[in-house]
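Each chain, letter by letter, is given below.
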Amino acid sequence: MGKVGKRAWKTIEWLLLIGVGLVFVFPFLWMFITAFKTMPEVYQFPPSWWPNSWQFENFRIAWSSGPFLTYVWNSLIVALGTLVLQFLIGVPAAYSFARYRFKGRNMLFGLSLIALMIPSQVIFLPVYVQMSHWGLVDTLWALILPFGASAFGIFLLRQAFMQVPDEVVEAARLDNASEWKIMWTIMVPLAKPVLVTFGLFSFIYHWNDYFWPLIMTNSDSVRTLPIGISMLKAAEGGKQWNVIMAGNMILVFPILIVFFFAQRHIINAFVYQSK
């Protein structure tokens, strides 16, 4: 293939990448633009691609429509609390599957992988009954405890721990390092990109989770931000889309900030796993 052919393929490749990127970016761009529009501009046809005047008032209306500060705080507690619990359980489990040889290891790991195939909507009823027996319904614990063990996190960390050379672990054991010390001071730092990537995925999932808080909470004091956004839509009659999109911006903004600071670790994690 000559230089002209290579340039043509390169151009096509860039055009495809730009097209795919626009498909993913356009909904966020439209949400951003709509959040600053007036009501007549929202329903204008053909639609305007830029607000004539930036309506920051939409964010004030969305924020004051309910206890949004409480919603945000609850979402942070649930997302971060679940993440910490998943790390405390997932790291030792992954280390055991990666570095220990014991009877039934493969069967137990296979059972944990099966858990990846079962959506939470399938098991919510027995979990709800259990939370009710414990008196945890309508508390933040009911949003954290059922997700304390992540099969996806155990799988990712196991794969990362298995890539650490055996010589590193054996050298630490010869220096009389305990298994606990090896796990937290050697294995975890070496798997940092994978930990950050899983942490980001977990944070985004539980920050955006709508189904579980919907069935486990009854009062505003323990509701999370996605529930608050859905109630905003109901309160606005489903008509003031500029205010609703402003509420969605409040929901999405923390995720964008987290992703911005963690994107380097995500790229490193994919490179790490491909080695």
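Okay, so let's go over this structure. (Residues numbered from 1 in each chain as written. Predicted model: local features only at pLDDT ≥ 70, side-chain atom pairs only at ≥ 80, totals over all residues. Heavy atoms only, no water.)

Let us look at the environment of Leu 80. Structurally, Leu 80 is set in helix H4 (residues 68–99). Separated by 127 residues in sequence, Leu 80 and Trp 207 have C-alpha atoms that sit 9.0 Å apart. (Helix = DSSP H or I, 4+ residues; strand = E, 2+ residues; numbered from the N terminus.)

Turning our eyes to something else, we now look at the packing of H4 against helix H5 (residues 105–114). Viewed as axis vectors pointing N to C, H4 and H5 meet at an angle of 140 degrees, and their least axial separation amounts to 10 Å. Put simply, H4 runs oblique to H5. In this structure, H4 meets H5 at a crossing whose hand is left-handed. Each of Ser 96, Phe 97 and Ala 98 in H4 lies in contact with H5, whose residues at this interface are Arg 105, Leu 108 and Phe 109. By residue class, the composition of the contact of H4 with H5 is four nonpolar, one polar and one charged. (Axes fitted to C-alpha atoms, helices over the stretch in contact; angles between N-to-C directions. Parallel < 35°, antiparallel > 145°, perpendicular 65-115°, else oblique. Left-handed = near helix turned anticlockwise from the far one by under 90°. Contact = heavy atoms within 4.5 Å. Nonpolar A, V, L, I, M, F, W, Y, C, P; charged D, E, K, R; others polar.)

So, on to the layout of surface pockets. In this structure, the largest pocket spans a volume of roughly 670 Å³. Lining the largest pocket we find 23 residues, and of these Ala 115, Phe 147, Ala 149, Ser 150 and Ala 151 sit closest to its centre. Contributions of two or more residues to the lining of the largest pocket are made by helix H6 (120–133), helix H8 (151–162) and helix H11 (192–208). Of all the elements, H11 adds the most residues to the lining of the largest pocket, at five residues. Class assignment for the residues of the lining of the largest pocket results in 17 nonpolar, six polar and no charged. (1 Å grid on protein atoms, 1.4 Å probe; cavity = no way out; pocket = protein on both sides within 12 Å on 5 of 7 lines; lining within 4 Å. Points joined across faces, edges and corners; volume = space filled by probe spheres on them.)

Along H5, the residues classified as buried are Arg 105, Phe 109 and Ser 112. Angularly, the buried residues of H5 cover 55 degrees about the axis, an arc narrow enough to put them on a single face. Away from the buried face of H5 by more than 90 degrees, exposed residues Asn 106 and Met 107 are located. Taken together, the buried residues of H5 touch H4 and H8. (Buried < 20%, exposed > 50% of the residue type's maximum accessible area, 1.4 Å probe, protein only. Arc of directions from axis to C-beta.)

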